[in-house]
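Descriptive analysis of the structure
Here's the letter readout for the chains.
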Amino acid sequence: MLSIKDLQVNIGDKSILKGISLNINPGEVHAIMGPNGSGKSTLSHVLAGKDGYTITGGSIEIEGQDLAEMAPEIRAREGLFLAFQYPVEIPGVSNIYLLKAALNAVRQHQGLSEVDALDFLTLVKEKIKLLGMDEKFLYRSVNQGFSGGEKKRNEILQMAIMEPKMCILDETDSGLDIDALQIVAAGVNSLRSENRSFLMITHYQRLLDYIVPDVVHVLADGRIVKTGGPELALELEQKGYGWIGQEE
Amino acid sequence: MTSSTTEIEQLIGKEYDKGFVTNLDADTFLPGLNEEVITALSAKKNEPPFMLEWRLKAYRHWLTMTPPEWAFVNVDPIDYQQISYYSAPKQKEALKSLDEVDPELLDTYKKLGIPLEEQERLAGVAVDAVFDSVSVATTFKGKLKEVGVIFCPISEAIQEYPELVKQYLGSVVPQEDNFYAALNSAVFTDGSFVYIPKGVRCPMELSTYFRINAANTGQFERTLIIADESSHVSYLEGCTAPMRDENQLHAAVVELVALDNAQIKYSTVQNWYPGDKNGKGGIYNFVTKRADCRGVNSKVSWTQVETGSAITWKYPSCVLTGDNSVGEFYSVALTNNYQQADTGTKMIHVGKNTRSTIISKGISAGKAQNSYRGLVKVLKSAENARNYTQCDSLLVGDQCGAHTFPYVEVKQPSANVEHEATTSKISEDQLFFCQQRGLSAEDAVSLIVNGFCKEVFKELPMEFAVEAQALLGISLEGSSVG
Ligand SMILES: Nc1ncnc2c1ncn2[C@@H]1O[C@H](COP(=O)(O)OP(=O)(O)O)[C@@H](O)[C@H]1O
Ligand SMILES: [Mg+2]
């Protein structure tokens, strides 16, 4: 599904990612853990095509297609989704309007007609229930006045509507209390399927109690320094990130 | 970051799609302005003598005036002797129905998206179309007449209802009010006249599409709307103009009078040709719009979406004379490329318990300058007057400017005047977020701008709201966030 080979990225003259390789097969859930500043968000932004980063080496591909060649909106329509660590607010634009625009952008890309208004409403109501959100959120401006946890849930709602095949979740767990974490995890788990892959970026192990990954990578200073199974996350939790650095 | 700047700059360059010219045999005066021209114009229109005198008085006063220089816009000096003050499509006789209208004219309206026949049949909107200086077709007259509503070209009203015209014309915007209003008073050629009788709720929205066609022709419309006691009316005004390299002058005057318990809602979507992307050509839109809430409990709402014109100079205002009267101003002004807009409102509180609300949304893109200029004046007599002003500016890119000039004069201690202002930029994070949800950069900008304008759009009648949103999208095409 997603193939990253020796990816090197600069911000200005500063080298941030220093050769990352990673291969995610369809249906797999990978987790990337790492201390603050290790380059996790940078990786997610580069994959999604944000401006301001220079790829100085390596490649990124989705299902064999070169991601770096695609505009950010094309990547999105092709099924690459990023749940942001810090979702932005868009005053005056209702959540439901954004959801519909997003879904229609994907549908149009797939050669489908615009979604029928009634079908859309049914779909949205079903998904919003899944995430334990009030329907009122649909008519509020995107993320405006939302709590941190509500913003994160809203990201997953967008994901559930767009039905992407490659989902990247950047610290979706931070800012969630335990109840919200469980709801979000249940939402994500319900989207797991053999055709859909996940890259879960997290600082803490606790999310991985609820969404159990197939593979765990540890990122430190722009490099993947360790890869293992779910047990690696537990080990990290006990020993802290310092342990990784010492081992090197 | 640089790449997104250029990207969005590319997005702005969309062509003005209303810029065609209609080839009609026109009856046009030679350029120039003097008392003979005004006399000839008045004669062409078969005006009664009082009207000619009124015009000449305005003209003589105008000669003593100079153009205002306080607005935050750069205007090349205008040579008023180079303008033709009358241009009318040649028609032999009065038209009995739309079938008799020159098909090319009707075609023009079709291109503008307002097929008159269709509107008459389907839309339930009465249209008084002003083509250059004469009103071409006024639809729905019959239906309106049944309830006593008068909706006709002002030239017709001058002949048919001289008493109403005499009583109200210039009673809100006097001839000597300002340079452009004086010029308009001297040379106005046509416009709309509306009278809603006592207790009548106008059964449909009234709408005028103005269109400037002939080259080198100034358009000077005059609109007068009178809402008699306890009546209601909603009036829509839409404007477009063809592309020409030279600037064209548009100096209109709109007067609204609301008597006791009457309500007038006046909505404008202004999309005059803004000039090309290098700032060449475009309409100079110097307009005086003012309402007098003359009666107790009367109410006037101005809602405007201004996306066109090279230069806009416009301050729809309310004089709140009657006790408990209400004035509202909802505005979206968008400037792109080299457009300049200096717009806002004046709320003059005279009566007791008068209330006013001002919501202004200014959007600048490209190299455009956008100014809000608003005056809230509370006279000694206006006990318990209230005003709320909210003035937001949005910058698209980093080469444009937004400016706010609020003026507040309060002579009554019980008054309560509140002002809030914000300036924001479309952030790259917002843009990227939308793109990550599958929207093109262009659609993302349009979505964010539409969201910014929401409070104003919701004041527009339904059809207009849809048009306004589409217009913002078009006007922003090619604009970039930097
Ligand atoms: N715009 C920027 N300019 C310069 N350095 C940046 C910028 N954004 C992030 N960085 C740096 O890149 C490194 C990785 O940041 P980030 O990817 O956000 O880490 P994480 O998500 O793992 O906390 C940090 O050292 C951070 O300071
Ligand atoms: Mg991060």
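Report follows, based on the coordinates. Computed from a predicted structure; not experimentally measured. (Residues numbered from 1 in each chain as written. Chains lettered and ligands numbered in written order. Predicted model: local features only at pLDDT ≥ 70, side-chain atom pairs only at ≥ 80, totals over all residues. Heavy atoms only, no water.)

**Some points on the overall build of chain A**
Note the threshold: Runs of E in the DSSP output that reach at least two residues are strands. Runs of H or I that reach at least four are helices, and both are numbered from the N terminus. Relative accessibility decides the category of a residue: with a 1.4 Å probe and only protein chains considered, values under 20% of the type maximum give buried, values over 50% give exposed, and everything between is partly exposed. We call two residues in contact whenever any of their non-hydrogen atoms come within 4.5 Å of each other. Throughout, the Shrake-Rupley method with a 1.4 Å probe supplies accessible areas, and for residues the shown protein chains are the sole cover considered.
Per the secondary structure count, chain A includes nine helices and 12 strands. Overall, chain A is about 55 × 40 × 35 Å in size when its C-alpha atoms are taken along their principal axes. Out of the 248 residues in chain A, the part that is buried amounts to 53%. Taking the intrachain contacts of chain A between residues at least 6 apart in sequence as the baseline, contacts between residues at least 24 apart amount to 68%. Accessible surface, chain A as shown: approximately 10,500 Å² in total, 47% of it carbon and sulfur.

**Section: the site of ligand 1**
Residue and element names in this part refer to chain A. The criterion, for reference: The near set for a molecule or strand comprises every residue that places at least one heavy atom within 4 Å of it. We call two N or O atoms a polar contact when they sit within 3.5 Å, provided that within protein one can donate a hydrogen and the other can accept it, with sequence-adjacent residues counted only if both atoms are side-chain atoms.
All residues adjacent to ligand 1 are Ile11, Lys14, Ile16, Pro35, Asn36, Gly37, Ser38, Gly39, Lys40, Ser41 and Thr42. The contact in question runs from an oxygen atom of ligand 1 to an N or O atom on the backbone of Ser41, over 2.8 Å. Within the side chain of Thr42, an N or O atom sits 2.5 Å from an oxygen atom of ligand 1. Within the complex, 59% of the 560 Å² of free accessible area of ligand 1 lies under protein.

**Topic: the nonpolar core**
In globular proteins that are soluble, nonpolar side chains generally tend to be buried together. We count it as follows: What we call a nonpolar core is a set of buried Ala, Val, Leu, Ile, Met, Phe, Trp, Tyr and Cys residues that are connected through their side-chain atoms within 4.5 Å.
One finds Ile4, Leu7, Leu47 and Met166 of chain A together with Ile363 of chain B to be the most contacted residues of the largest nonpolar core, which totals 63 residues. Among the elements that line this core, the one with the most residues is helix α11 (residues 441-452) of chain B, at six residues. Not counting the four nearest positions on each side in its chain, Leu7 of chain A is found in contact with Leu17, Lys18, Gly19, Ile20, Leu43, Val46, Ile55, Gly57, Gly58 and Ile60 of chain A. Core analysis: the next-biggest nonpolar cluster, separate from the first, contains 49 residues, Val165, Ala182, Leu224 and Ile226 of chain B among them.

**Section: the coordination of the magnesium ion (ligand 2)**
Residues and elements named next belong to chain A. Here is the rule we go by: Distances define the donors: N, O and S atoms within 2.8 Å of the metal qualify, as do those within 3.2 Å of Na, K or Ca. Water is excluded, so some sites may look unfinished.
Coordination of the magnesium ion (ligand 2) by the protein is provided by Ser41 (OG) and Gln85 (OE1), with metal-donor distances spanning 2.1 to 2.2 Å. One end of the pair, Ser41, is in helix α1 (residues 40-48); the other, Gln85, is in the loop between β6 (80-83) and β7 (90-94), and 44 residues separate them in sequence. Overall, Gln85 belongs to the buried group, its relative accessible area being 15%.

**So, the environment of Glu235 of chain A**
All names here are of chain A. With respect to the helices, strands and loops of the structure, Glu235 is situated in helix α8 (residues 230-239). Given the relative accessible area of 27%, Glu235 is considered partly exposed. Expressed as a C-alpha distance, the spacing of Glu235 and Gln205, which sit 30 residues apart in the sequence, is 9.4 Å.

**A look at the interface of chain A and chain B**
This is how the line gets drawn: As used here, buried area is the combined drop in accessible area, with a 1.4 Å probe, of two parts when they are placed together. Each salt bridge in this description consists of a side-chain nitrogen of Lys or Arg and a carboxyl oxygen of Asp or Glu lying within 4 Å of one another. As a working rule, the residues Ala, Val, Leu, Ile, Met, Phe, Trp, Tyr, Cys and Pro are called nonpolar, Asp, Glu, Lys and Arg charged, and the rest polar, with Gly in that last group.
The interface of chain A with chain B comprises 32 residues on the first partner and 21 residues on the second. Contact between chain A and chain B buries roughly 2,100 Å² in total, counting both sides, with carbon and sulfur atoms accounting for 63%. Scanning the region where chain A abuts chain B turns up two salt bridges. Glu155 of chain A is the salt-bridge partner of Arg437 of chain B, the closest N and O atoms lying 2.7 Å from each other. Our count for the chain A to chain B interface comes out at 10 residue pairs in polar contact (both at pLDDT 80 or more). Among the residues making up the side of chain A that touches chain B, the classes are represented as 19 nonpolar, seven polar and six charged.

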